[in-house]
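Residue-level listing of the chains:
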Amino acid sequence: MSRAEPTGVRDEVTGAGAGATGARAARNPLWTFGILRSEVTTTLRRWRTLALLGVLAAVPVLIGIAVRIETGGGGDGARGGAGGPAGPAFLTQVTNNGLFLVFAALAATLPVFLPMAVGVVAGDSIAGEANGGTLRYLLVAPAGRTRLLLAKYASVLVFCLVATLVVAASALAVGALLFPLGEVTTISGTRIGFGEGLLRAGLIALVVAASLTGFAALGLFVSTLTGSGIAAMAATVGLLITVQILGSIPQLSAVHPYLFPHHWLSFADLLRDPVHWDGIVRNLGLQGMYAAVFGSAAWARFTAKDITA
C-alpha cells in the first residue's frame, strides 16, 4: 500500500554525507524507534485496519444483544445449566455476569476473526509496500533490511494486541450495559471477586494476543514471497483455513499438537482456581517456535530478495 515517504528518511538520504550519516543513524536506537513508530502509526491509521477493528468491536455487541434477546436479560444462565444446550465457551454465564462476555467474545473471535484480521495485516506488511512501489524508498533508510523487517513484525504484533484489546473492551462495555456485574465463578467452581476477575480478563487478553504471534510470523514470511499485497493476504488467510481444517480431522491427531491454533483456547485455564499453566505454557512455546522458524525464513528471504518496486 502506497504511503508518503517519512520525513526522517528524506532528511537522511538527501543530507550531506548521507553514507556516513546513514551508518551512524543505523546504530542509533532513536532511529530504530522512529522506524517502529512510523510503521505502527501507518498500520493503525489505514482505513482497512480501522475497518477490521470496527468489525472485531461489533462481534461482542452482536453476541451480547443476541444473548439479551434470547434470555430477556434473566439470570438463568441462558438455559445453559446442567443438561442445558451447549454453546460457545462461557456464553452460558453471560446473563449472570457481564464480565463473562469478555471471555465469550475472545473465545468466539480467536479461532477465525482475530487471526483473519492479523493475516490481512501481516500479509500486506511487505508485499503491500512492494505493490505500492514504496518498499525501495523504505530501504533507502539507513536502518537496513533486518531492522525494517523487525519493525514490520513488531507493528503486526502491536496490531495483535490492539485487536485483542478492542474485542475485550467492547465486550466489557456491552456486558456492563446489558448484564449485571459481580463475583466471578471460576471453572473450578470457586468464586473470586470482580476485581480479580477483571485482572484475569486482562491477562487472558494478553495471552490471546501472544497466541497470534506465531501466525503473524507466518504471514510476514508469506508477505516476503510475493509483490502482490492481495495475493499475500489471500495466501495467509488460506493457510489459516487449511490448518483449521487439518486440526478438525481426527485421523491427523498425531500432528494436531504441532499446529499453531491447537492450544489457542488454553487461555480458559486462567479461569481455574488455581490457574493451570501447562496448556498456556505449551501454547506460548509453540507460538515462539513458529515465530522463530518463520521469522528466520522471512529474514532469509527478505535480505536476499531483489527489490524492484
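Residue numbers here run from 1 along each chain, matching the order of that chain's written sequence. Totals for whole chains, interfaces and linings use all residues, but because this is a predicted model, local features are given only for residues with pLDDT of at least 70 and pairs of side-chain atoms are given and counted only at 80 or more. Hydrogens are left out, water is left out, and the side-chain values use all remaining heavy atoms of the structure.

J.: Describe the overall build of the chain, listing the residues and the values that go with them.
T.: Helix and strand counts for the chain come out as twelve helices and two strands. What you see in the chain, going N to C, is helices and strands ordered as α-α-α-α-α-α-α-α-β-β-α-α-α-α. For accessible areas, the Shrake-Rupley method is used with a probe of radius 1.4 Å. Any residue's cover is judged against the shown protein chains and nothing else. For the chain, the accessible surface area stands at approximately 14,100 Å², while carbon and sulfur atoms represent 67% of it. In DSSP terms, a helix is any run of H or I states spanning at least four residues, a strand is any run of E spanning at least two, and both are numbered starting from the N terminus.

J.: With reference to specific residues and values, describe a nonpolar patch on the surface.
T.: Here the term patch refers to residues with relative accessible area over 30% and no salt bridge, with like charges joined within 9 Å and nonpolar side chains (Val, Leu, Ile, Met, Phe, Trp, Tyr) within 5 Å. Basic side-chain nitrogens of Lys or Arg form a salt bridge, by our definition, when they fall within 4 Å of a carboxyl oxygen of Asp or Glu. Together, Leu-161, Leu-165, Leu-203, Leu-206, Trp-277 and Val-281 make up a nonpolar patch on the protein surface, roughly 540 Å² of accessible area in all. At the level of elements, α8 (144–178) and α9 (194–211) are the ones that each hand at least two residues to the nonpolar patch. Inspection of the secondary structure puts Leu-203 in helix α9. Partly exposed describes any residue whose relative accessible area lies between the buried limit of under 20% and the exposed limit of over 50%, with all areas from a 1.4 Å probe on protein chains only and scaled to the type maximum. Relative accessible area serves as the criterion here: at 35%, Leu-203 is assigned to the partly exposed category.

J.: So what about the packing of aromatic side chains? Which residues, and what values?
T.: Two rings belonging to Phe, Tyr or Trp (six-membered ring only in the last case) form a pair when the distance between their centres is within 6.5 Å. Interplanar angles under 30 degrees mark stacking, angles over 60 mark edge-to-face geometry, and anything in between is tilted. Tallied over the full model, the rule gives six aromatic pairs. Considering the side-chain rings of Phe-260 and Trp-264, the 5.7 Å spacing of their centres and the 50 degrees angle between planes classify their relative orientation as tilted. Three or more aromatic residues link up through ring pairs in this structure, and these residues are Phe-215, Phe-221, Phe-260, Trp-264, Tyr-290 and Phe-294. Charge over a ring is defined by NZ of Lys or CZ of Arg lying within 6 Å of the ring centre and within 35 degrees of the ring normal. One residue, Arg-145, lies across the ring of Phe-302, its end atom 5.9 Å from the ring centre.

J.: Give me the lowdown on the nonpolar core, citing residues and values where you can.
T.: Counting residues in each nonpolar core, the largest one holds 69 residues, and the members touching the most others are Phe-103 and Phe-267. Contributing elements (two or more residues each) for this core: α4 (47–71), α5 (100–109), α6 (113–132), α8, α9, α10 (213–223), α11 (229–247) and α12 (278–304). The element contributing the most residues to this core is α8, with eleven residues. With residues near it in sequence (within four places) discarded, Phe-267 still touches Phe-90, Phe-103, Leu-106, Ala-107, Leu-110, Ile-204, Val-207 and Val-208. Grouping buried Ala, Val, Leu, Ile, Met, Phe, Trp, Tyr and Cys residues that are joined through side-chain atoms within 4.5 Å yields what is termed a nonpolar core. Whether two residues are in contact is decided by their heavy atoms: any pair within 4.5 Å suffices.

J.: Provide a residue-level description of the pattern of salt bridges, including the pertinent values.
T.: Scanning the entire structure with this criterion turns up six salt bridges. For Arg-191, the salt bridge is made with Glu-183, and the minimal N-O distance between the two is 3.0 Å. The exposed category is assigned to Arg-191, whose relative accessible area is 52%. Across the pair Asp-269 and Arg-272 runs a salt bridge, and its minimum N-O distance is 2.8 Å.

J.: Please provide a residue-by-residue account of the packing of α8 against α10, values included.
T.: Geometry is summarised by axes, namely lines fitted to C-alpha atoms with helices restricted to the contacting stretch, and by angles between N-to-C directions that run from 0 to 180 degrees. Two elements in contact, α8 and α10, have axes separated by 10 Å at closest approach and are oriented at 135 degrees. Taken together, the axis directions place α8 and α10 in an arrangement best described as oblique. Here α8 and α10 pass one another in a crossing that is right-handed. Where α8 abuts α10, its residues Leu-149, Lys-152, Tyr-153, Val-156, Leu-157 and Cys-160 lie against Thr-213, Ala-216, Ala-217 and Leu-220. Three categories are distinguished: nonpolar for Ala, Val, Leu, Ile, Met, Phe, Trp, Tyr, Cys and Pro, charged for Asp, Glu, Lys and Arg, and polar for the others, with Gly belonging to the last. Here the contact of α8 with α10 is composed, by residue class, of eight nonpolar, one polar and one charged. Throughout, the term roughly parallel applies to angles under 35 degrees, roughly antiparallel to angles over 145, roughly perpendicular to angles from 65 to 115, and oblique to all others. By the definition used in this description, the sense in which the near helix is turned from the far one sets the handedness, with an anticlockwise turn below a right angle giving left-handed and a clockwise turn giving right-handed.

J.: So what's going on with the packing of α10 against α11? Which residues, and what values?
T.: For any two helices packed against each other, the geometry is given by the interaxial angle and the distance between the axes. Relative to each other, α10 and α11 sit at 140 degrees, their axes nearing to 9 Å. Here α11 runs oblique to α10, going by the angle between their axes. Once α10 is placed against α11, the crossing between them reads as right-handed. In this structure, α10 uses Phe-215, Leu-218, Gly-219, Val-222 and Ser-223 to contact α11, whose residues at the interface are Ala-232, Ala-235, Thr-236, Leu-239 and Leu-240. Taken together, the residues of the contact of α10 with α11 sort by class into seven nonpolar, three polar and no charged.

J.: So, the environment of Ile-241: which residues are in play, and what are the values?
T.: Here Ile-241 is to be found in helix α11. In this structure Ile-241 comes out as partly exposed when scored by relative accessible area, which is 43%. Separated by 129 residues in sequence, Ile-241 and Val-112 have C-alpha atoms that sit 8.4 Å apart.

J.: Quick rundown of the environment of Ala-297? Include the residues and the values.
T.: Relative to the helices and strands, Ala-297 is located in helix α12. Classification of Ala-297 by relative accessible area gives partly exposed; the value is 24%.

J.: How would you explain α10 if you had to name every residue and give the values?
T.: Within an α-helix, residues lying three or four positions from one another point in the same direction, as the helix has 3.6 residues per turn. Where burial is concerned, most of α10 is hidden: eleven out of the eleven residues are buried. Listed in full, the buried residues belonging to α10 are Thr-213, Gly-214, Phe-215, Ala-216, Ala-217, Leu-218, Gly-219, Leu-220, Phe-221, Val-222 and Ser-223.

J.: Any chance you could break down the confidence of the model for the chain for me, citing the residues and the numbers?
T.: For every residue, the predictor assigns a confidence score, pLDDT, that lies between 0 and 100. Looking at the chain as a whole, the pLDDT averages 81, with 78% of positions reaching at least 70. Helix α1 (residues 7–14) is the least confidently modelled element of the chain, averaging 38 in pLDDT, while α10 averages 95, the highest of any element. With pLDDT under 50 throughout, residues 4–26 is counted as low confidence; its partners more than four residues away or in other chains account for 22 contacts. For the stretch residues 76–87, pLDDT sits under 50, and the model shows 16 contacts to residues farther than four places along the chain or on other chains.

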